Structures are given as C-alpha cells and as structure tokens.
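# A look at the structure
Below, each chain spelled out in residue letters.
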Amino acid sequence: MDLLGNLSYTCFEDFYIRVEKIKNGWMELCVGNGDKRLNYSASYIGDPLNYLLAAAVSIVENQKSSHIYNGVAYEGEYLFIVHDLEPSLVTWLFKPGNDELALIIWEDMPTYFEEMIESGFDDIPEEIKMQDIGKDIFLAIKDSPVLFIKALLGAIEGLTCLKRNDVEFSDSEWGHSYSLENVELLKRWLVENDHA
C-alpha cells in the first residue's frame, strides 16, 4: 500500500516561495499555492534557501544517493529537507520523475517519517499505516519541476530587496548568501527545459 499514492494532489498554481524577513538568526518564509499560504520562521540551525537550492539541483541533475549532503537527505527515489523552527520542523519531500515532480510539504515532520521514507512509503508496519499521513500536510503537488525551479529562483532574486541591518546576530550574511553555482546551474536548466 503506497501511503503517498492515496493523497489528493494538485498542480502548481501561482506557486511561490518568499523570504519575508531575516533577523536575529531567523528567516521568515512564506510558501503559497493558489489560495493556500504557509508562513513560518526557520532557524539559523539550518540554511533554508541553500537546502532548497541543493534539493533543486539534485532534482534537475537526477542525483540519487543514500546520504545527507548540503542539508538534503536522500532515500531511494525520495529526497527531503527540513526547516527547523525550534522545536517543530517544516518538512519538504520531493519525488522527481519523468518530467514530473511530486512535492509534499508537512507543517511538521510526521511520526515515523524515517521508517516510512526508508520503506518508500509502501512496505511498512500496520501500526504506522494506521496514522493519518495527510493530517499535517500543507501542500501535495504533482506537476512540472519547471514551476518549482522558477519559484525558487524568484525567492533568491527577492533577497536583494531585504535589509541587512541585523547587527545583533553574529553572522549577518546568514540567509543572504547562497550558492551562485547552484543558481547558475538552475538558470541554465530552465533555459533548456522551460518550453512555456
């Protein structure tokens, strides 16, 4: 039984990722699709935008591994990142396919998430199957990865509008710096793949 196969998926519909503010080691993010919107503050414990960039590069380069690299955890055909909100987590799960991307965002990490992802959300114990995996889902989308990449690059471009007046935090570059190499790779990929 594929737990993710039973979810109700939508398409990217005016999907966006925005960084609203960076201050004192917190990045205020807003993610939206259609009439749904999720605002949350991610901690300096992680690197939210660079984790998303690393995941996007893994998707477009079809990288599969069984380790954690640049904040992206790989397990079989899935990859995921977490944004730490201290104490909760926003979990982004990606399943790339042939010209399609499944993206599921949970407002918190589901119980037994590691066991579920290790099994490919399929061959798992009955007590885990009984939980409502859709309970804390903010978004479940299946669509072209082009729209996700565009939204992510839009978030990066939006950083230039943010003030850098965070003198209380020791690393004033946190949240404002990102991998130029990954951004350029994604821009080149879009030129080759965006046929809209």
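Anyway, here's the lowdown on the structure attached to this text. All values derive from a computational prediction rather than experimental measurement.

## Focus: the pattern of salt bridges
Side-chain pairs of opposite charge can arise whenever the charged atoms involved come near each other. Evaluated as defined, the whole model comprises five salt bridges. Between Lys 21 and Glu 28 there is a salt bridge, and its shortest N-O distance comes to 3.9 Å. Given the relative accessible area of 39%, Lys 21 is considered partly exposed. Taking the relative accessible area as the measure of exposure, Glu 28 reaches 31% and is therefore partly exposed. Note that Lys 95 and Glu 77 form a salt bridge whose closest N and O atoms lie 3.9 Å from each other.

## Structural notes on the pairing of strand E5 (residues 72-75)
Strand direction decides the pairing type here: E5 and strand E6 (residues 78-84), joined by three bridges, are antiparallel. Each residue of the ladder has a partner; that of Glu 75, found in E6, is Tyr 78. Two successive antiparallel strands, E5 and E6, enclose a turn made up of two residues, where Gly 76 displays a positive phi of approximately 60°.

## Comments concerning unusual backbone geometry
Cis geometry is adopted by the peptide bond preceding Pro 87, which originates at Glu 86 and carries an omega value of 25°. Here Pro 87 is to be found in the loop between E6 and strand E7 (89-97). For Glu 86, which is not a glycine, the phi torsion comes out positive at approximately 50°. With respect to the helices and strands, the residue Glu 86 is situated in the loop between E6 and E7. In this structure Glu 86 comes out as partly exposed when scored by relative accessible area, which is 38%. The phi dihedral of Asp 99 is positive, around 55°, even though this residue is not glycine. With respect to the element layout, Asp 99 can be found in the loop between E7 and strand E8 (100-106).

## With respect to the packing of aromatic side chains
In total, this model carries six aromatic pairs according to the counting rule given. Considering the side-chain rings of Phe 80 and Phe 113, the 5.0 Å spacing of their centres and the 85° angle between planes classify their relative orientation as edge-to-face. You can see Phe 80 sitting in strand E6 and its partner Phe 113 sitting in helix H2 (residues 113-118), a full 33 residues away along the chain. Under the relative-accessibility criterion, Phe 80 is labelled buried at 14%. Ring pairing ties together the aromatic residues Phe 12, Phe 15, Trp 92, Phe 94 and Phe 148, which thus form one cluster. If you follow Lys 142 out to its NZ or CZ, it ends over the ring of Tyr 9, 4.5 Å from the centre.

About the thresholds
Residues numbered from 1 in each chain as written. Predicted model: local features only at pLDDT ≥ 70, side-chain atom pairs only at ≥ 80, totals over all residues. Heavy atoms only, no water. Salt bridge = Lys/Arg side-chain N within 4 Å of Asp/Glu carboxyl O. Buried < 20%, exposed > 50% of the residue type's maximum accessible area, 1.4 Å probe, protein only. Pairing = 2+ DSSP bridges. Helix = DSSP H or I, 4+ residues; strand = E, 2+ residues; numbered from the N terminus. Phe/Tyr/Trp six-rings, centres within 6.5 Å; stacked < 30°, edge-to-face > 60°. Lys NZ or Arg CZ within 6 Å of the ring centre and 35° of its normal.

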